[in-house]
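Coordinate inspection notes
If you want the building blocks of each chain, they are given just below.
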Amino acid sequence: MSAANPSIKLCHLYPDHMNIYADRGNIAVFRRRLEWRGLSLEVAEVGLGDPIPADCHLYYLGGGQDRDQMLVAEDLAQKADSLLDAAGDGAVVLGVCGGYQLLGHSYMAVDGRPMPGIGLLDVETTAGASRLIGDVVLEVTLNGLTRTVVGYENHAGRTHLGGGCTPLGRLRRGHGNNGDDRCEGAVAGRRVGTYLHGPLLPKNPWLADILLGWALDHAGHTSELKPLEDDLEKSAHAVAATRAGKRR
Ligand code: GLN
């Protein structure tokens, strides 16, 4: 497929400010998993002051420290309409950690300053006095299939879900959304938020393919993805799950 006609257009929101946990690794996974199947990815990077394109099939917002997150929150709140419209039309949106918080209604930072969210996910976040840090294992059900997802979390935010979304998964290990209710992340249709980074997708190829399948469907392609070997990815997944089991 020519670069002029990519299979999926991805909008990477604020790659310079919201990239503290190698979020570009998640974009690399999307690209390679498409290319291994003869498909292609075009990435539009959107920074402070740039308009958000409305015609992307997948939008990605990564994690950031409170200082950067504040800059981004104010910029994003002013120009989120095209993102909200695209999500309403069925585009996929993935927010990780600070990005997850900004997809919600608002985030109250450690210093007590409120940051606006865009209300794409029905969640609310307030920073706690301690950070929730460590390896995470959760059980996720998407497209009727249940799988284990692994990752790492490091956040002050405590996130609580409203009735407009459901948890991404049930925790086996880790703190998750708030350290209390044993839930992690949030899902509403094709909008997904999670605290897992490190990055998330290299060791969770199943989740990467679910998101790619949704984005391909939105782009008008078949969402059936040819299985890949994934030996290395499965090993990375197993190592992370074992490490999480040992630490707690
Ligand atoms: N600043 C947010 C928090 O501490 C998000 C951190 C992150 O993205 N890792 O909760």
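Summarised in this report is the structure supplied together with it.

Rules behind the numbers
Residues numbered from 1 in each chain as written. Predicted model: local features only at pLDDT ≥ 70, side-chain atom pairs only at ≥ 80, totals over all residues. Heavy atoms only, no water. Near = heavy atom within 4 Å. Polar contact = N/O pair within 3.5 Å; in protein donor to acceptor, adjacent residues only side chain to side chain. Areas by Shrake-Rupley, 256 points an atom, 1.4 Å probe, with all protein chains shown as cover. Helix = DSSP H or I, 4+ residues; strand = E, 2+ residues; numbered from the N terminus. Nonpolar A, V, L, I, M, F, W, Y, C, P; charged D, E, K, R; others polar. Pairing = 2+ DSSP bridges. Axes fitted to C-alpha atoms, helices over the stretch in contact; angles between N-to-C directions. Contact = heavy atoms within 4.5 Å. Salt bridge = Lys/Arg side-chain N within 4 Å of Asp/Glu carboxyl O. Buried < 20%, exposed > 50% of the residue type's maximum accessible area, 1.4 Å probe, protein only.

Some details on the site of the ligand
In the vicinity of the ligand lie 16 residues, with Asp66, Cys97, Gly98, Gln101 and Gly157 positioned nearest. Within the contact set of the ligand, an oxygen atom lies 3.1 Å away from a side-chain nitrogen or oxygen of Arg131. Contact distances for the ligand include 3.2 Å between a nitrogen atom and a backbone N or O atom of Asn154. If the ligand stood free it would expose 300 Å²; the protein chains cover 98% of that surface. Looking at the shell around the ligand, the elements with two or more residues in it are helix H2 (66-79), helix H4 (98-103) and strand E8 (145-161). Looking at the shell around the ligand, its residues break down into 5 nonpolar, 9 polar and 2 charged.

Topic: the sheet that holds strand E12 (residues 191-194)
Pairing in this open sheet of 6 strands is mixed, and the strands run E2-E1-E3-E4-E12-E11 from one edge to the other. The sheet is open, and its two borders are formed by strand E2 (41-46) and strand E11 (186-188), each paired with just one other strand. Here the strands of the sheet are splayed against their neighbours by 15° on average, with no regard to which way each runs. The pairing of strand E4 (residues 92-96) with E12 spans 4 bridges and is parallel. The partner of Val96 across the bridge, within E12, is Thr194. Contacting strand E1 (8-13), E2, strand E3 (58-61) and E4, helix H1 (residues 23-35) runs over the sheet at an angle of about 160° to E2. The strands touched by helix H5 (residues 205-218) within the sheet are E1, E3, E4 and E12, with E4 carrying the most contacts at an inclination of about 145°.

Considering unusual backbone geometry
Positive phi outside glycine occurs at Cys97, with the angle close to 55°. Among the structural elements, Cys97 can be located in the loop between E4 and H4. Here the phi dihedral of Asp230 falls at roughly 60°; this positive angle occurs in a residue that is not glycine. Within the secondary structure, Asp230 sits in the loop between H5 and helix H6 (231-247).

Let's talk about the pairing of E12
Looking along a regular strand, one sees the side chains alternate between the two faces of the sheet. The pairing of E11 with E12 spans 3 bridges and is antiparallel. The residue bridging Ala188 from the neighbouring strand is Arg191, located in E12. Hairpin connection, E11 to E12: the antiparallel pair is bridged by 2 residues, and Gly189 has positive phi, about 60°.

Brief notes about the pattern of salt bridges
Pairing between side chains of opposite charge can happen when their charged atoms approach one another. Under the defined criterion, the tally for this structure stands at 12 salt bridges. For Asp209, the salt bridge is made with Arg37, and the minimal N-O distance between the two is 2.7 Å. Of this pair, Asp209 sits in helix H5 while Arg37 sits in the loop between H1 and E2, and the two are 172 residues apart along the sequence. Here Asp209 and Arg37 have matching classes, each one buried. The salt bridge partner of Arg172 is Glu139, with a shortest N-O separation of 2.6 Å. With Arg172 in strand E9 (residues 169-173) and Glu139 in strand E7 (residues 123-142), this residue pair connects regions lying 33 residues apart in the sequence. Residue Glu139 is classed as partly exposed on the basis of its relative accessible area of 34%. Linked through salt bridges whose partners overlap, the residues forming this network are Arg33, Arg37, Asp209 and Asp230.

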